[in-house]
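# Summary of the model geometry
Listed here are the chains, written in short residue letters.
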Amino acid sequence: MKYGDKIIYMEGIIVDFDDCSVSVDFKGRLGFLKVPKRMLITDYPLEIGLEVAMNMSFVEVLSDEVNEKYLSNIQKNKDKRRNMNV
């Protein structure tokens with residue numbers, strides 16, 4: 001990383017969840033994040049409205065080259081979804 005890492009403590013509210021993921025709105029209009037449920041640490045049953053917190057850093061672009069493998073997979077998934085909706 002070219003820049004020094006600055007960890008930022010962020011709080012949010014669970015606004016949605018399903019069998020696979022949890023959606024969080026950050027307080028202070030700092031954005032929205034959807035993460036796999038397996039990434040959530042909790043001792044409590046999930047409910048909409050629960051407060052969550054995390055330490056977060058800035059997202060940094062690593063290079064100007066596109067990862068063709070991931071780009072191809074994204075396109076295949078988009079095509080598959082489009083064909084299912086037809």
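Preceding this paragraph is the structure being described.
Quick caveat, the model's predicted, so the values are computed rather than measured.

## Some remarks on the environment of F26
- Within the secondary structure, F26 is located in strand 2 (residues 21-26).
- The sequence separation of F26 and I13 amounts to 13 residues, and the corresponding C-alpha distance is 6.4 Å.
- Among all residues touching F26, those that are not within four sequence positions of it are M10, E11, G12, G31, F32, L33, M54 and M56.

## Quick look at helix 1 (residues 68-85)
- In a regular helix each residue adds 1.5 Å, so 18 residues correspond to 26 Å; helix 1 covers 26 Å between its end C-alpha atoms and thus fits that length.
- Burial runs low along helix 1: only zero of the 18 residues are buried.

## A few points about the pairing of strand 1 (residues 8-17)
- Sheet topology places strand 1 next to strand 4 (residues 51-56); six bridges connect them, and they run antiparallel. What sits directly across from I13, in strand 4, is E51.

## A word on the pattern of salt bridges
- A complete count under the given rule lists three salt bridges for this structure.
- A salt bridge links K27 to E11, with the nearest nitrogen and oxygen atoms 3.2 Å apart. One end of the pair, K27, is in the loop between strand 2 and strand 3 (32-36); the other, E11, is in strand 1, and 16 residues separate them in sequence.
- Where R82 meets D79, a salt bridge forms, and the shortest distance between an N and an O atom there is 3.0 Å. On the criterion of helical spacing, the pair formed by R82 and D79 is a turn pair, its members being three residues apart in helix 1.
- D79 sits in the partly exposed class, given a relative accessible area of 28%.
- Three or more residues are tied together by salt bridges with common partners; here these are E11, K27 and E51.

## Brief notes about the side chain of S23
- Checked against the element boundaries, S23 lands in strand 2.
- Look past the residues within four positions of S23 in its chain and what remains in contact with it is I13, I14, V15, D16, F32, L33 and K34.

## Points about unusual backbone geometry
- A positive phi is found at R29, a non-glycine position, where the angle reads about 55 degrees.
- Mapping R29 onto the fold places it in the loop between strand 2 and strand 3.

## Comments concerning the side chain of S21
- Relative to the helices and strands, S21 is located in strand 2.
- The exposure class of S21 is buried, given its relative accessible area of 10%.

## Things to note about the nonpolar core
- Among the nonpolar cores identified, the biggest contains seven residues, and these are M10, I14, V22, V24, F26, L46 and V52.
- Those elements that provide at least two residues to this core are strand 1 and strand 2.
- Element by element, the count of residues in this core is highest for strand 2, at three residues.

The rules behind the values
Residues numbered from 1 in each chain as written. Predicted model: local features only at pLDDT ≥ 70, side-chain atom pairs only at ≥ 80, totals over all residues. Heavy atoms only, no water. Helix = DSSP H or I, 4+ residues; strand = E, 2+ residues; numbered from the N terminus. Contact = heavy atoms within 4.5 Å. Expected span 1.5 Å × (residues − 1). Buried < 20%, exposed > 50% of the residue type's maximum accessible area, 1.4 Å probe, protein only. Pairing = 2+ DSSP bridges. Salt bridge = Lys/Arg side-chain N within 4 Å of Asp/Glu carboxyl O. Core = buried A, V, L, I, M, F, W, Y, C linked by side-chain atoms within 4.5 Å.

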